[in-house]
Amino acid sequence: MKSADNDEPCGLPEIIGCGVVAVIAFSISLAAIGGWSLLRWLSESSAAAAWVQAVGSILAIFAAMEVGRRQIAAHWNLENKRQSEKERKFLIIIGSLLRSMQNALNDIEKELDNHPGGPVSSYHLDRIKSASDALLKIDLFECPLVIVDPLLKLFPVPCQDPLAIIQLFNKSFYSAGGRPEQLLPSVKNAITVQRLTLDHALEKCR
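Notes on the structure in this doc start here.

## Concerning the overall build of the protein chain
Okay, step 1: The number of helices and strands found in the protein chain is six helices and zero strands.
Okay, step 2: Helices (α) and strands (β) of the protein chain occur, in sequence order from the N terminus, as α-α-α-α-α-α.
Okay, step 3: The proportion of buried residues among the 206 residues of the protein chain is 30%.
Okay, step 4: Accessible surface, the protein chain: about 13200 Å² in total, of which carbon and sulfur atoms supply 61%.

If you want it as structure tokens, here you go:
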């Protein structure tokens, strides 16, 4: 049943009130049809007790249904809150790991702009590797659906392409005949492409 004001399910007080109104209306209708003598006879006979018992049973059934409905609704509300909180925590963790990789790539690019004649600091590479390893341990089946597709675009290994070209870039500084300046455009291009993927994934975490 719905209340006329806010379309919310009627509560137990409303059900009992409707039952009382129904009993009164039935009594009045009965009196109008058969007269007060019929109503008096009904009240003095055994049928009256059975009638009252029947009405009470019906009200009890409605009351039990309402209690059950409210218990089920409360259960699902609690489950929805738990699931929402779980998904929120997932997005916070994933977002932190993505930002860690993004910040490391930004620092690498700044370092290359300021010191193009030297290798990339291993500190930044370690930051990317640590965040990447942690991200790979996250169970995609437990993740919110909104972040699954962006994460799949980072697989099989997040930041794999920029890491590979940066490592090759660093090795060229110490190898005979190495030409790191030739690899520098490829390094910056890999960072730019990876940053776009990270930006897309981070947008889904908000």
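## Section: the packing of helix α3 (residues 122–136) against helix α5 (residues 160–172)
Okay, step 1: Contact pair α3 / α5: the axes reach a minimum separation of 12 Å and the direction vectors enclose 155°. One finds that α3 runs roughly antiparallel with respect to α5. Relative to α5, α3 is oriented so that their crossing is left-handed. Along the contact surface, α3 presents Leu 125, Ile 128 and Lys 129, while α5 presents Leu 163, Ile 166, Gln 167 and Asn 170.
Okay, step 2: For the contact of α3 with α5, the class distribution of residues is four nonpolar, two polar and one charged.

## Some words on the side chain of Glu 109
Okay, step 1: Tracing the sequence through the fold places Glu 109 in helix α2 (residues 46–114).
Okay, step 2: Judged by relative accessible area, which is 19%, Glu 109 ranks as buried.
Okay, step 3: Once you skip the residues sitting within four places of it in the chain, Glu 109 turns out to touch Ile 191, Thr 192 and Arg 195.

## Concerning the side chain of Ser 172
Okay, step 1: With respect to the element layout, Ser 172 can be found in helix α5.
Okay, step 2: You can call Ser 172 buried: its relative accessible area is 8%.
Okay, step 3: With residues up to four places along the chain from it excluded, the contact list for Ser 172 reads Gly 178, Arg 179, Pro 180 and Leu 183.

## Considering the state of the cysteines
Okay, step 1: Taken as a whole and assessed by the stated rule, the structure comprises zero disulfides.
Okay, step 2: Of the cysteine sulfurs around Cys 205, a residue in no disulfide, the closest is that of Cys 143, at 9.1 Å.
Okay, step 3: Take Cys 205: its relative accessible area is 14%, and that puts it in the buried class.

## Some words on the layout of surface pockets
Okay, step 1: In this structure, the second largest pocket encloses a volume near 160 Å³.
Okay, step 2: Residue lining of the second largest pocket: 14 residues in total, with Lys 153, Gln 160, Asp 161, Pro 162 and Gln 194 positioned closest to the centre.
Okay, step 3: Elements that contribute at least two residues to the lining of the second largest pocket include exactly α5 and α6 (180–205).
Okay, step 4: Looking at side-chain class alone, the lining of the second largest pocket contains nine nonpolar, three polar and two charged residues.

## Side note on the packing of α5 against α6
Describing two packed helices takes the angle between their axes plus the distance from one axis to the other.
Okay, step 1: The geometry of α5 relative to α6 is characterised by a closest axis approach of 9 Å and an angle of 160° between their N-to-C directions. Regarding the angle of α5 to α6, the classification is roughly antiparallel. As α5 runs across α6, the sense of the crossing is left-handed. Packed against α5, whose contacting residues are Gln 160, Pro 162, Ile 165, Ile 166, Leu 168, Phe 169 and Ser 172, the element α6 presents Pro 180, Leu 183, Leu 184, Ser 186, Val 187, Ala 190, Ile 191 and Gln 194 at the interface.

Reading the values: rules and limits
Residues numbered from 1 in each chain as written. Predicted model: local features only at pLDDT ≥ 70, side-chain atom pairs only at ≥ 80, totals over all residues. Heavy atoms only, no water. Helix = DSSP H or I, 4+ residues; strand = E, 2+ residues; numbered from the N terminus. Buried < 20%, exposed > 50% of the residue type's maximum accessible area, 1.4 Å probe, protein only. Areas by Shrake-Rupley, 256 points an atom, 1.4 Å probe, with all protein chains shown as cover. Axes fitted to C-alpha atoms, helices over the stretch in contact; angles between N-to-C directions. Parallel < 35°, antiparallel > 145°, perpendicular 65-115°, else oblique. Left-handed = near helix turned anticlockwise from the far one by under 90°. Contact = heavy atoms within 4.5 Å. Nonpolar A, V, L, I, M, F, W, Y, C, P; charged D, E, K, R; others polar. Disulfide = S-S within 2.5 Å. 1 Å grid on protein atoms, 1.4 Å probe; cavity = no way out; pocket = protein on both sides within 12 Å on 5 of 7 lines; lining within 4 Å. Points joined across faces, edges and corners; volume = space filled by probe spheres on them.

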